[in-house]
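Listed here are the chains, written in short residue letters.
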Amino acid sequence: MPVGGLLPLFGSPAGGSLGGGLGGGLGGGGRKGSGPAALRLTEKFVLLLVFSAFITLCFGAIFFLPDSSKLLSGVLFHSSPALQPAADHKPGPGARAEDAAEGRARRREEGAPGDPAAAVEDNLARIRENHERALREAKETLQKLPEEIQRDILLEKEKVAQDQLRDKAPFRGLPPVDFVPPIGVENREPADAAIREKRAKIKEMMKHAWNNYKGYAWGLNELKPISKEGHSSSLFGNIKGATIVDALDTLFIMEMKNEFEEAKSWIEENLDFNVNAEISVFEVNIRFVGGLLSAYYLSGEEIFRKKAVELGVKLLPAFHTPSGIPWALLNMKSGIGRNWPWASGGSSILAEFGTLHLEFMHLSHLSGNPIFAEKVMNIRTVLNKLEKPQGLYPNYLNPNSGQWGQHHVSVGGLGDSFYEYLLKAWLMSGKTDLEAKKMYFDAVQAIETHLIRKSSSGLTYIAEWKGGLLEHKMGHLTCFAGGMFALGADGAPEGLAQHYLELGAEIARTCHESYNRTFMKLGPEAFRFDGGVEAIATRQNEKYYILRPEVIETYMYMWRLTHDPKYRKWAWEAVEALESHCRVNGGYSGLRDVYLLHESYDDVQQSFFLAETLKYLYLIFSDDDLLPLEHWIFNTEAHLLPILSTDKKEVELKEE
Ligand code: DMJ
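Thresholds applied
- Residues numbered from 1 in each chain as written.
- Predicted model: local features only at pLDDT ≥ 70, side-chain atom pairs only at ≥ 80, totals over all residues.
- Heavy atoms only, no water.
- Helix = DSSP H or I, 4+ residues; strand = E, 2+ residues; numbered from the N terminus.
- Buried < 20%, exposed > 50% of the residue type's maximum accessible area, 1.4 Å probe, protein only.
- Contact = heavy atoms within 4.5 Å.
- Areas by Shrake-Rupley, 256 points an atom, 1.4 Å probe, with all protein chains shown as cover.
- Near = heavy atom within 4 Å.
- Polar contact = N/O pair within 3.5 Å; in protein donor to acceptor, adjacent residues only side chain to side chain.
- Nonpolar A, V, L, I, M, F, W, Y, C, P; charged D, E, K, R; others polar.
- Axes fitted to C-alpha atoms, helices over the stretch in contact; angles between N-to-C directions.
- Pairing = 2+ DSSP bridges.
- Phe/Tyr/Trp six-rings, centres within 6.5 Å; stacked < 30°, edge-to-face > 60°.
- Parallel < 35°, antiparallel > 145°, perpendicular 65-115°, else oblique.
- Left-handed = near helix turned anticlockwise from the far one by under 90°.
- Disulfide = S-S within 2.5 Å.
- UniProt positions renumbered as here; feature names shortened; annotations may be inferred.
- Core = buried A, V, L, I, M, F, W, Y, C linked by side-chain atoms within 4.5 Å.
- Salt bridge = Lys/Arg side-chain N within 4 Å of Asp/Glu carboxyl O.
- pLDDT = per-residue confidence, 0-100.
- Expected span 1.5 Å × (residues − 1).

## What about the overall build of the protein chain?
Thought 1: When helices and strands are counted, the protein chain shows 22 helices and 18 strands.
Thought 2: A total of 656 residues make up the protein chain; the buried ones form 54% of that total.
Thought 3: Of all intrachain contacts in the protein chain linking residues separated by at least 6 positions in sequence, the fraction that spans at least 24 positions is 70%.
Thought 4: A total accessible area of about 27700 Å² is found for the protein chain, and carbon and sulfur atoms account for 58% of it.

This is the structure:
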C-alpha cells in the first residue's frame, strides 16, 4: 500500500499528502509553510510508526527467534545460586529446568529427602518450567499452517474416539484357564548350616517389615517406620495397599502362609480400582498388575487373576494417543491421560512405556483378549520405525507426534527397565520373540560403544549421554544392568557370551565399590567418575539410599550364573548394613546421607523393599532350585512371571 494513501485516515487539517508533507518537512522551508498543527500530526504519526516497529521487534524476539525460551529463561528467570534447582544440571538453561524437575519429581515420588529450601525451589522451578513449556508450544504451533493444525486436531480426535469405542466394547469375562502348578516353589532348606542361618535371618527381616506395616499402616500404601503411620505416594493416586500387593509373592516363597492369607483377604475385600485420581501407569503396572499376576501364578487363586485383568482394563485408556505410545499419568475414573509436566516437550518416558510388555502379554494370556498384547506390540512398531541417534534410544518420546524429544540416553532412571524388558520379552517367550532379542542386543551394542567407560583405576561404569556429551555419573538404578548383561549372555551373538558375563561382573564390582566407599556401606543414589573421584557421590542430593534393590539384584543374578562366593559375601555385607543403619523399631527406613557417621532417616519403608530387596537377598541364600531362572522371569519389581511358550510361533524379524 502506498504510504500517502494512509494519510486521510488521520484527517490532516492541511489536506496535503504524506508525501507532500514529508517532502516539505525534509526541505525545511515547506515545514514552515505547512503550519504547526500539520507538523505535529506528522510527528505523531512517525512516532507511532517507530513505536509499533519496536513492539513488533520485541514480540518477534520472544516468539520467532530460535531458542527464545532459553534466552528468556536466562534473562528473566535467572535466580541466585542458592535458589537454583538442586538436581542435576545440563548444558543449556532450558534443559536445566527439565533435569531439575525430573530430579525433584523422582525425589518427591519416592519419598526421598528434600533440602529446607525445597518448597521455594519447587515453586520457582515450576513457574520457570511453565513459561518455558508455553513458549515452546507456542513456537511449535506457530510454525504450522492453520489448516495443518486443524487437520491434526481432527485426526487426533478421531483416533482417540475410535480407541475409546474399541476398549469399551464389552469385555467378555474371564475364560477358564487350566492352572499349571508352579515349578520350583518347594522351599528346601539349604544344606549348609551357615547359609541356612543367613536365610532365616532374611526371613526374620521380612517379618519385621511386614509386622510393622501391618501394625501401623495396614491397608495404606506404605509405612513410615519412624512416625509409625501410613505413607502414601501420589504415584498410586488413591489406590490403596501397595505394600500388600507388592509383598504377596515374597510372603509366598518365604512360606509366610498366614500373612499371605491375610493379604489375600484384604485384596478380596478392599482392593478397589474405581478411583478418581491420577496414577502413574508404569508404577501401577509393575507393582499392582505385576504383584497380582505373580500371586496368581504361584497360588492359582482366581481372585488374583480377576483383579489383575480388571486393573489391566482400567489402564487401557492410557494408550489413547495418536501414536499409541501411552501417557505416563492416567485418571482411572475419567480415563484422561497426560504426561509428566517436566518431561521434554510433553514426551512419554522410555522406561515407563517400555516397561509394560511382560505384564500385558500375560494379561492377554490370562484374559483370552489380545488387546493388551496389541497395545504393547504397537509400541515396538513405533520404536522400530524411528531413526535412533547412534543406535541409542532417547529417554523421551512424544506420544502425539511419535517423535523423540530431547536426546538424553540413560541405562539408569528414565531408560533402565526398557532394556530389561526387551531381554526378558525374548526370554519369556521361550526365546521365540526374535524381534525383542535383536532390539536388545543392538541396543546393548550401542550402549557399550557410547556409554560404557573405564575409570583410571579400572572400574567399569555406565555414563549418561546427553546429545552426544557424556556425563560421568552412574545411578544406583543403573546397577541392575550388571545382572541384565549376565542374564542375556547366553543368547549373545557368536563369541560374546563370556564377554557379557564379564561385563556383568565388572558392573557388580563397581556397584559394590559405591557401597564400600560410604560410611554406612550402603550405596548412594548416584555416584560420579569425574573431578578426581571414583564411585562416590559428590552432590548432597545424590547421597541418599531409599532401600533400593538394584545392587543386590545384580548380586543375585551373578550368584546364580557364576556361583562365585564373593556375591554371597557382598550380599551379606548389605544385610549387615541394613540391620545396623536402616532397621528401626517401626520397620526399615531409607537414609538421607550414606556418608554421615550417624543415621538421618527419611522415614519411608518403600514397598519395593519387601517386593525386591528382601526377595533377592532370600534367593541369594537359597538353593538354585527355588524359582529356577529357566522357568521364571522377574518383572522389574521382582514379581514372578512364568515363561509363556504355549505356541512356538516365532515373532519374525521385521524390516526396519
Ligand atoms: C522399583 O520400583 C523398580 O525396580 C523399578 O524398576 C525402579 N525403581 C524401583 C526400585 O528402585
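There is more to say, and it comes next.
## Comments concerning the site of the ligand
Thought 1: All residues in the neighbourhood of the ligand are listed as Ile-286, Arg-287, Leu-477, Arg-548, Pro-549, Glu-550, Phe-608, Glu-612, Thr-636 and Glu-637.
Thought 2: Glu-550 is positioned with one of its side-chain polar atoms (N or O) 2.6 Å from an oxygen atom of the ligand.
Thought 3: Glu-637 is positioned such that a nitrogen or oxygen atom in its side chain is 2.6 Å from an oxygen atom of the ligand.
Thought 4: Listing elements by their share of the shell around the ligand, those giving two or more residues are helix H11 (281-299) and helix H22 (607-620).
Thought 5: For the shell around the ligand, the residue count by class is four nonpolar, one polar and five charged.

## Regarding the packing of helix H14 (residues 357-367) against helix H16 (residues 416-428)
Thought 1: In contact at an axis separation of 9 Å, H14 and H16 are set at 35° when each is read in the N-to-C sense. Only Tyr-421, Lys-424, Ala-425 and Met-428 of H16 make contact with H14, whose side of the interface consists of His-357, Leu-358, Glu-359, Met-361 and His-362.

## A look at the sheet that holds strand E5 (residues 337-338)
Thought 1: The strand order across the open sheet built from three strands is E3-E4-E5, with neighbouring strands paired in antiparallel fashion. Edge positions in the sheet fall to strand E3 (278-280) and E5, since each of these pairs with one other strand and no more.
Thought 2: Taken together, the two bridges between strand E4 (residues 329-331) and E5 define a ladder with antiparallel strand orientation. Looking at the pairing, Leu-329 lines up with Arg-338 of E5.
Thought 3: Its contacts with the sheet place H11 against E3 and E4, and it is angled at close to 65° to E3.

## Things to note about the sheet that holds strand E8 (residues 408-409)
Thought 1: Spatial strand order, E8-E11-E12: three strands in an open sheet with antiparallel pairing. Of all strands in the sheet, those bounded by a partner on one side alone are E8 and strand E12 (469-471).
Thought 2: In terms of strand pairing, E8 meets strand E11 (residues 464-466) through two bridges, oriented antiparallel. By the bridge assignment, Val-409 is partnered in E11 with Trp-465.

## What about the packing of aromatic side chains?
Thought 1: This structure, assessed with the given rule, holds 25 aromatic pairs.
Thought 2: An angle of 65° between the planes, with centres 5.5 Å apart, marks the rings of Tyr-296 and Tyr-297 as edge-to-face.
Thought 3: Look at Tyr-296 and you get buried, because its relative accessible area is 2%.
Thought 4: On the basis of relative accessible area, Tyr-297 is assigned to the buried category, the value being 9%.
Thought 5: Taking the centre distance of 5.0 Å and the plane angle of 70° together, the rings of Phe-418 and Tyr-419 count as edge-to-face. Across this residue pair, the class does not change: Phe-418 and Tyr-419 are buried.
Thought 6: Through a chain of ring-to-ring contacts, the aromatic side chains of Tyr-393, Trp-404, Phe-418 and Tyr-419 assemble into a single cluster.

## Overview of the side chain of Arg-199
Thought 1: For Arg-199, the position within the fold is in helix H8 (residues 193-217).
Thought 2: Looking at Arg-199, its side chain comes within polar contact range of the side chain of Asn-187, at 2.8 Å.
Thought 3: Ignoring anything within four residues of it in the chain, the contact list for Arg-199 reads Asn-187, Arg-188, Glu-189, Pro-190, Tyr-618, Phe-621, Ser-622 and Leu-626.

## Some details on the packing of H14 against helix H15 (residues 371-385)
Thought 1: It is at 7 Å that the axes of H14 and H15 come closest, and there the two elements cross at 150°. The orientation of H14 with respect to H15, classified from their angle, is roughly antiparallel. In this structure, H14 crosses over H15, and the sense of that crossing is left-handed. On H15, the residues that touch His-357, Phe-360, Met-361, Leu-363, Ser-364 and Ser-367 of H14 are Ile-371, Phe-372, Ala-373, Val-376, Met-377 and Arg-380.
Thought 2: Looking at the contact of H14 with H15 residue by residue, the classes come out as eight nonpolar, three polar and one charged.

## Topic: the state of the cysteines
Thought 1: In the structure shown here, the tally under the stated rule is one disulfide.
Thought 2: Each disulfide pairs two cysteine sulfurs, and for Cys-479 the partner residue is Cys-511, the sulfurs being separated by 2.1 Å. On the sign convention where negative is left-handed, the bridge of Cys-479 and Cys-511, at about -95° about the S-S bond, is left-handed. One end of the pair, Cys-479, is in the loop between strand E13 (473-475) and helix H18 (480-488); the other, Cys-511, is in helix H19 (residues 497-516), with 32 residues separating them in the sequence. Residue Cys-479 shares its accessibility class with Cys-511, and that shared class is buried.

## Considerations on the UniProt feature "active site" (unreviewed entry) in the protein chain
Thought 1: Taking the UniProt record as the reference, the feature "active site" (unreviewed entry) is found at Glu-283, Asp-416, Glu-525 and Glu-550.
Thought 2: Take Glu-525: it is sitting in the loop between H19 and strand E14 (526-528).
Thought 3: A relative accessible area of 13% places Glu-525 in the buried class.
Thought 4: For Glu-525, the contacting residues outside a window of four places in its chain are Gly-475, His-476, Glu-542, Tyr-544 and Arg-548.

## A few points about the nonpolar core
Thought 1: Residues Ile-202, Ile-267, Ile-462, Phe-485 and Phe-634 are the most contacted members of the largest nonpolar core, which totals 167 residues.
Thought 2: Once you skip the residues sitting within four places of it in the chain, Phe-634 turns out to touch Glu-420, Lys-424, Met-556, Tyr-557, Lys-615, Tyr-616, Leu-619, Leu-627, Leu-629, His-639 and Leu-640.

## Points about the pattern of salt bridges
Thought 1: Following the criterion strictly, the structure yields 32 salt bridges and no others.
Thought 2: The salt bridge involving Glu-579 is made with Lys-201; its shortest N-O contact spans 2.8 Å. Taken as a pair, Glu-579 in helix H21 (residues 566-582) and Lys-201 in helix H8 lie far apart in primary sequence, 378 residues in all.
Thought 3: Notably, a salt bridge pairs Glu-229 with Lys-224, separated by 3.9 Å at the nearest N-O pair.
Thought 4: The class for Lys-224 is partly exposed, based on a relative accessible area of 22%.
Thought 5: When salt bridges with common partners are traced through the structure, they connect Lys-466, Glu-471, Lys-473, Arg-528 and Glu-542 into a single cluster.

## Some details on the confidence of the model for the protein chain
Thought 1: Looking at the protein chain as a whole, the pLDDT averages 84, with 73% of positions reaching at least 70.
Thought 2: A low-confidence stretch, residues 1-39 (pLDDT under 50), is modelled with 23 contacts involving residues beyond four sequence positions or located in other chains.
Thought 3: Predicted confidence is poor over residues 58-100, with pLDDT under 50, and the contacts of this stretch with residues over four places away or in other chains come to 85 contacts.

## Some details on H8
Thought 1: The first and last C-alpha atoms of H8 sit 35 Å apart over 25 residues, in line with the 36 Å expected at 1.5 Å per residue.
Thought 2: Ile-195, Arg-199, Ile-202, Met-205, Met-206, His-208, Ala-209, Trp-210, Asn-212, Tyr-213 and Ala-217 are the residues of H8 that are buried.
Thought 3: Where H8 begins, one side-chain oxygen reaches toward the backbone nitrogen of Ala-194, 2.8 Å away; that side chain belongs to Asp-192.

## Here we look at helix H17 (residues 434-450)
Thought 1: Here H17 contains 17 residues, and its C-alpha end-to-end distance of 24 Å stays within 8% of the 24 Å for a straight helix at 1.5 Å per residue.
Thought 2: Restricting attention to buried positions, one finds in H17 the residues Glu-435, Ala-436, Met-439, Tyr-440, Phe-441, Ala-443, Val-444, Ala-446, Ile-447 and His-450.

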